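Letter by letter, the chains look like this.
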Amino acid sequence: MSATFGGHGGRQGRLTQWLRGRRPKETADPGGREALLLSAAAAGLPLAPAAHPGAGYGCSCDRVGCPTPARHPVSFAWQTQSTTDRAQIERWARDQPQANFITATGMVHDVLDVPLEAGREALERLLDAGVEVGPVAESDDGRMLFFTLTRGTPEDEDEWWPCELDCHPETMDEHPGLRWHCRGSYVLVPPARLPGDGERGLRWLRGPEHPLPEPLSLLEVLTDACARHTGDPAGTAWPPRH
């Protein structure tokens, strides 16, 4: 009897341990994903859920020939949906554990998006010169993102441009140099996973705890580095500077 009871208790004990062992995995935050997203939001970057790598066409949206797999928002209302609200981001992160996140530019911040090698060169030059560089992210698809203050909406409307690079992704390959993400655009925010073999993704080189700099303080060095690495004397800056 004792042995039988002990066996039953042992099975119950193992089951309890197994259930306890399952719970942390269900609510786990691999690599501090939720903490990283919350730190970005705390720095003022408005976030919204995005697609993630998926089977078939490489994107969870299942769109045939998706032009930006795992790099686009899941909602057409991403501009109004984007938020820094901690509770909302926690809900999204826990309800959509596979999702990447985008941050909408042109509200609080812009992003200067450059080829990886040009970005590395520029970052070294800027830091050596003592220039205040803000958050910087590096992507395994060969790009580096410099987060800056937004240009906002100048009094002269001719002095700003909406960025449609992500709205019209078929134009992306036409602009291999600098891309300026401002009002009407977005970029992935770390941590993000990209399609392809191995663990491809987007990560912070300099986290969102660094203050956002003025974009013009970085632009000349970034444009110069892009010109050398793309072979374009103009740096293939896009959108055009007025």
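None of these values were measured; they are calculated from a predicted model.

(A) Structural detail: the nonpolar core. Among the nonpolar cores identified, the biggest contains 29 residues, and Leu47 and Phe147 are the most heavily contacted of them. Within the residue set of this core, elements represented by two or more residues are helix H2 (33-42), strand E1 (47-50), helix H4 (86-95), strand E2 (100-104), strand E5 (143-149), strand E7 (186-189) and strand E9 (201-206). Sequence-distant contacts of Phe147, that is, excluding residues within four places in its chain, are made with Leu45, Thr103, His109, Asp110, Val111, Gly134, Pro135, Ala137, Val187, Trp204, Leu212 and Pro213. Counting 20 residues, the second-largest nonpolar core is a separate cluster that includes Leu112, Ala122, Leu178 and Ala225.

(B) Spotlight on the confidence of the model for the protein chain. Averaged over the protein chain, the pLDDT score is 79; the fraction of residues at 70 or greater is 71%. Below pLDDT 50 for its whole length, residues 164-172 participates in 15 contacts with residues either more than four positions away or in separate chains. Throughout residues 234-242 the model reports pLDDT below 50, and contacts reaching past four residues in sequence, or to other chains, amount to 28 contacts.

(C) Broad picture of the packing of helix H5 (residues 116-128) against helix H6 (residues 216-230). In contact at an axis separation of 8 Å, H5 and H6 are set at 140 degrees when each is read in the N-to-C sense. When the interaxial angle is binned, H5 and H6 end up oblique. Two packed elements cross with a definite hand, and for H5 against H6 that hand is right-handed. Along the contact surface, H5 presents Glu117, Ala118, Glu121, Ala122, Arg125 and Leu126, while H6 presents Ser217, Leu218, Val221, Leu222, Asp224, Ala225, Cys226, Arg228 and His229.

(D) Quick peek at the pattern of salt bridges. Inspection of every chain in the model, using the stated rule, returns 13 salt bridges. For Arg120, the salt bridge goes to Glu117, with nearest N and O atoms at 3.1 Å. Placement of the pair is Arg120 and Glu117 together in helix H5, with a separation of three residues, close to one helical turn. Between Arg125 and Glu121 there is a salt bridge, with its nearest N and O atoms 3.5 Å apart. Here the residue Arg125 and the residue Glu121 both occupy positions in helix H5, the gap between them amounting to four residues, near one helical turn. For Arg125, a relative accessible area of 33% corresponds to the partly exposed category. A network of salt bridges, in which partner residues are shared, links Glu117, Arg120, Glu138, Asp140 and Arg203.

Rules and cut-offs
- Residues numbered from 1 in each chain as written.
- Predicted model: local features only at pLDDT ≥ 70, side-chain atom pairs only at ≥ 80, totals over all residues.
- Heavy atoms only, no water.
- Core = buried A, V, L, I, M, F, W, Y, C linked by side-chain atoms within 4.5 Å.
- Buried < 20%, exposed > 50% of the residue type's maximum accessible area, 1.4 Å probe, protein only.
- Helix = DSSP H or I, 4+ residues; strand = E, 2+ residues; numbered from the N terminus.
- Contact = heavy atoms within 4.5 Å.
- pLDDT = per-residue confidence, 0-100.
- Axes fitted to C-alpha atoms, helices over the stretch in contact; angles between N-to-C directions.
- Parallel < 35°, antiparallel > 145°, perpendicular 65-115°, else oblique.
- Left-handed = near helix turned anticlockwise from the far one by under 90°.
- Salt bridge = Lys/Arg side-chain N within 4 Å of Asp/Glu carboxyl O.

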